[in-house]
Amino acid sequence: MLERIRTYLSFVRFEHAVFALPFALTSAWVCAGGVPPLRSLFWIVVAVIAARSAAMGFNRIVDLEFDKLNPRTKNRELPTGKLTLKQAWAFVIVSALVFVFAAYQLNWLAFWLSFPTLAWLFGYSYTKRFTDWSHLWLGSALGIAPVGAWIALKGTIELPPILLMIAVTCWVAGFDIIYATLDEEFDRRVGLHSLVVRYGAKKALWVSRALHTIFLLALAAFGKVSGLGIVFWLAWLFTAGLIAYEHAIAKPGDPQRVNTAFFTVNGIVSILLFLSTATDFALR
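Structure report, in brief. Counting from 1, residues in each chain are numbered in the order their sequence is written. In keeping with the predicted nature of the model, local features appear solely for residues at pLDDT of at least 70, side-chain atom pairs appear and are counted solely at 80 or more, and the whole-chain, interface and lining totals rest on all residues. The basis for the side-chain values is all heavy atoms of the structure; hydrogens and waters are excluded.

**Structural notes on the overall build of the chain**
So, step 1. Along the chain, the regular secondary structure elements total 14 helices and zero strands.
So, step 2. Start at the N end of the chain and walk to the C end: the helices and strands fall as α-α-α-α-α-α-α-α-α-α-α-α-α-α.
So, step 3. Taken over C-alpha atoms, the radius of gyration comes to 19 Å for the chain, in line with the 19 Å a tight globule of 284 residues would show.
So, step 4. Dimensions of the chain, computed from the C-alpha atoms along their principal axes, are close to 55 × 40 × 35 Å.
So, step 5. Within the chain, buried positions represent 57% of all 284 residues.
So, step 6. Whether two residues are in contact is decided by their heavy atoms, any of which lying within 4.5 Å being enough. Here the analysis covers contacts within the chain between residues at least 6 apart in sequence; of these, 74% occur between residues at least 24 apart.
So, step 7. The protein chains shown are the only cover counted for residues, whose accessible areas, like all others here, come from Shrake-Rupley with a 1.4 Å probe. When the accessible surface of the chain is totalled, it reaches about 13,000 Å², and 69% of it is carbon and sulfur.
So, step 8. Under this rule, positive means Lys or Arg and negative means Asp or Glu; His and the chain ends count for nothing. Charged side chains are reduced to one point each, which is NZ for Lys, CZ for Arg, CG for Asp and CD for Glu. Looking at the chain, you have 25 positive and 16 negative side-chain charges, and the mean spots of the two groups are 1 Å apart. The way it works is that DSSP assigns letters per residue, a run of H or I at least four long becomes a helix, a run of E at least two long becomes a strand, and they are numbered from the N terminus. Each radius of gyration reported is based on C-alpha atoms, and the globular scaling rule is 2.2 Å times the count of residues to the power 0.38. Working definition: with a 1.4 Å probe on protein chains only, accessible area under 20% of the residue-type maximum means buried, over 50% means exposed, and in between means partly exposed.

Next up, the structure:
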């Protein structure tokens with residue numbers, strides 16, 4: 001049983017939830033002016049994890065034929081047979097149902113928006129087949145999280161979560177371009193689209209830098225509009241340094257450097273920004 005659980009967690013790269021969940025929590029803390037009601041907080045966490053799991057599982061199913069051919073991905077759970085397609089589909093369906101149920105537990109607006117949200121999340125899996133800007137679609141899929149958390153608590157859409165959504169969208173799109181450099185040759189060979197394929201790694205990385213600049217500006221606007229204090233702004237400065245470090249170490253085609261830039265640095269960024277926001281409210 002434990003081995004099966006580990007397989008499913010690996011299937012959806014559960015640890016990558018660190019990219020969306022802290023920003024949903026950041027939005028929730030600002031919306032509530034501190035710690036949100038625990039019941040709502042619980043269902044927000046369930047919704048974010050379930051939505052991400054459903055989307056990631058669906059992506060693995062849709063990309064199976066490519067994953068079998070790509071040396072970087074051929075050892076994943078579906079290509080190797082550790083999970084069957086039937087098991088993968090069951091996981092996706094259950095995760096999607098859990099997401100819808102969690103949204104229902106929050107409020108009616110969250111419930112009704114859960115359906116187009118799932119459609120948008122699932123739609124990302126096809127974008128590399130027709131657009132070079134799939135990175136932005138992926139970014140927006142994670143950028144939904146802060147808006148969703150705000151809706152969950154307040155039933156409205158306001159400026160702070162929109163600014164945070166813009167920030168997250170550009171942040172994710174920027175580091176997804178860095179990650180896409182690992183598959184430049186393969187994607188070009190099989191006809192998949194990305195900015196890396198279209199312009200080459202060096203030019204695409206300049207787009208990544210521009211997106212991360214917008215991320216920092218939108219994040220600053222979010223902090224200003226939300227009235228966040230010195231702890232957040234210190235974290236913002238540290239985040240700017242981490243983003244600069246990310247681009248300094250990212251070397252196209254080098255898995256070790258790209259993975260450090262992709263997961264380690266960005267994991268720190270998301271957790272740091274949530275903790276600084278929560279600390280700001282705790283000190284009031």
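What follows continues from the structure just given.
**Section: helix 7 (residues 108-123)**
So, step 1. Expected span, for any helix, means 1.5 Å times one less than how many residues it has. Taking 1.5 Å per residue, 16 residues should reach 22 Å; helix 7 reaches 24 Å between its end C-alpha atoms and fits that length.
So, step 2. Turning to helix 7, its buried residues are Ala 110, Phe 111, Ser 114, Thr 117, Leu 118, Leu 121, Phe 122 and Gly 123.
So, step 3. At its buried positions, helix 7 is contacted by helix 3 (38-62), helix 6 (85-106) and helix 8 (134-154).
So, step 4. In protein, a polar contact means a hydrogen-donor-capable atom and an acceptor-capable atom, both N or O and within 3.5 Å, with residues adjacent in sequence counting only if both atoms are side-chain atoms; elsewhere, any N or O pair within 3.5 Å suffices. A side-chain oxygen of the first residue of helix 7 lies 3.2 Å from the backbone nitrogen of Leu 109; this N-cap is Asn 107.

**As for the pattern of salt bridges**
So, step 1. Here a salt bridge means any side-chain nitrogen of Lys or Arg lying within 4 Å of a carboxyl oxygen belonging to Asp or Glu. On inspection of all chains with the given rule, the structure shows 10 salt bridges.
So, step 2. A salt bridge links Glu 77 to Arg 13; the nearest nitrogen and oxygen atoms lie 3.8 Å apart. Residue Glu 77 is located in helix 5 (residues 77-80), and its partner Arg 13 is located in the loop between helix 1 (2-11) and helix 2 (21-32); the two are separated by 64 residues in the primary sequence.
So, step 3. A salt bridge links Arg 188 to Glu 184, with the shortest nitrogen-to-oxygen separation between them at 3.4 Å. Of this pair, Arg 188 and Glu 184 are both found in helix 10 (residues 184-190), four residues apart, which corresponds to roughly one turn of the helix.

**So, the nonpolar core**
So, step 1. Joining through side-chain atoms within 4.5 Å is the link that ties buried Ala, Val, Leu, Ile, Met, Phe, Trp, Tyr and Cys residues into a set, and such a set is a nonpolar core. Membership of the largest hydrophobic core comes to 89 residues, with the highest contact counts inside it found for Leu 142, Trp 171, Phe 215, Leu 219, Phe 222 and Leu 273.
So, step 2. In terms of residue count, the dominant contributor to this core is helix 3 (14 residues).
So, step 3. The contacts of Phe 222, once residues within four sequence positions are left out, are Thr 26, Val 30, Pro 160, Leu 163, Leu 164, Leu 228 and Phe 232.
So, step 4. Among the nonpolar cores identified, the runner-up in size contains six residues, and Ile 178, Tyr 179, Leu 205 and Ala 250 belong to it.

**Topic: the packing of helix 3 against helix 6**
When two helices pack together, you describe them by how their axes are tilted relative to each other and by the distance separating the axes.
So, step 1. The geometry of helix 3 relative to helix 6 is characterised by a closest axis approach of 8 Å and an angle of 150° between their N-to-C directions. Classified by the angle their axes make, helix 3 and helix 6 are roughly antiparallel. Remark: the crossing between helix 3 and helix 6 carries left-handed chirality.
So, step 2. Three categories are distinguished: nonpolar for Ala, Val, Leu, Ile, Met, Phe, Trp, Tyr, Cys and Pro, charged for Asp, Glu, Lys and Arg, and polar for the others, with Gly belonging to the last. Tallied by class, residues from the contact of helix 3 with helix 6 come to 20 nonpolar, five polar and one charged. To define axes, lines are fitted to C-alpha atoms, for helices over the stretch in contact only, and angles between the resulting N-to-C directions are given on a 0 to 180 degree scale. In what follows, roughly perpendicular refers to angles from 65 to 115 degrees, roughly parallel to angles under 35, roughly antiparallel to angles over 145, and oblique to any angle outside these ranges. Should the near helix be turned counterclockwise from the far one by less than a right angle, the crossing is left-handed, whereas a clockwise turn marks it as right-handed.

**Points about the side chain of Arg 76**
So, step 1. The topology assignment puts Arg 76 in the loop between helix 4 (64-69) and helix 5.
So, step 2. Its relative accessible area of 12% is what places Arg 76 among the buried residues.
So, step 3. If sequence neighbours within four positions are ignored, Arg 76 has contacts with Arg 13, Arg 60 and Asp 67.

**Considering the packing of helix 2 against helix 8**
So, step 1. For the pair helix 2 and helix 8, interaxial distance at closest approach is 7 Å and the crossing angle is 35°. Helix 8 is crossed by helix 2, and the crossing has right-handed handedness. Residues Phe 23, Ala 24, Ser 27, Ala 28, Val 30, Cys 31 and Ala 32 of helix 2 lie in contact with helix 8, whose contacting residues are Ala 145, Pro 146, Ala 149, Trp 150, Leu 153 and Lys 154.

**Quick word on the packing of aromatic side chains**
So, step 1. Each aromatic pair joins two rings of Phe, Tyr and Trp (for Trp, the six-membered one) with centres within 6.5 Å, and gets the label stacked for planes under 30 degrees apart, edge-to-face for over 60, and tilted for any other angle. In total, this model carries 24 aromatic pairs according to the counting rule given.
So, step 2. Each ring, one from Trp 171 and one from Phe 175, has its centre 5.1 Å from the other, and the planes form 80°; the classification is edge-to-face. In this pair, Trp 171 and Phe 175 are both assigned in helix 9 (residues 159-180), four residues apart and thus about one turn of the helix distant.
So, step 3. Under the relative-accessibility criterion, Trp 171 is labelled buried at 0%.
So, step 4. Placement of a charge over a ring requires the Lys NZ or Arg CZ to be within 6 Å of the ring centre, with the centre-to-atom vector within 35 degrees of the ring normal. Directly above the aromatic system of Trp 206 lies the positively charged group of Arg 209, at a separation of 4.3 Å from the ring centroid.

**Section: helix 8**
Residues spaced three or four apart along an α-helix face the same direction, because each turn holds 3.6 residues.
So, step 1. A rise of 1.5 Å per residue sets the reference length of helix 8, with its 21 residues, at 30 Å; its end C-alpha atoms lie 31 Å apart and thus fit the reference within 8%.
So, step 2. The largest bend along helix 8 reaches roughly 25° and is located at Pro 146.
So, step 3. For helix 8, the buried fraction is high: 15 of the 21 residues fall into the buried class.
So, step 4. The positive-phi residue at the C-terminal boundary of helix 8 is Gly 155, with phi of around 70°. Two axes are fitted around each residue, one to the seven residues ending there and one to the seven starting there, and the angle between them is reported as the bend at that residue.

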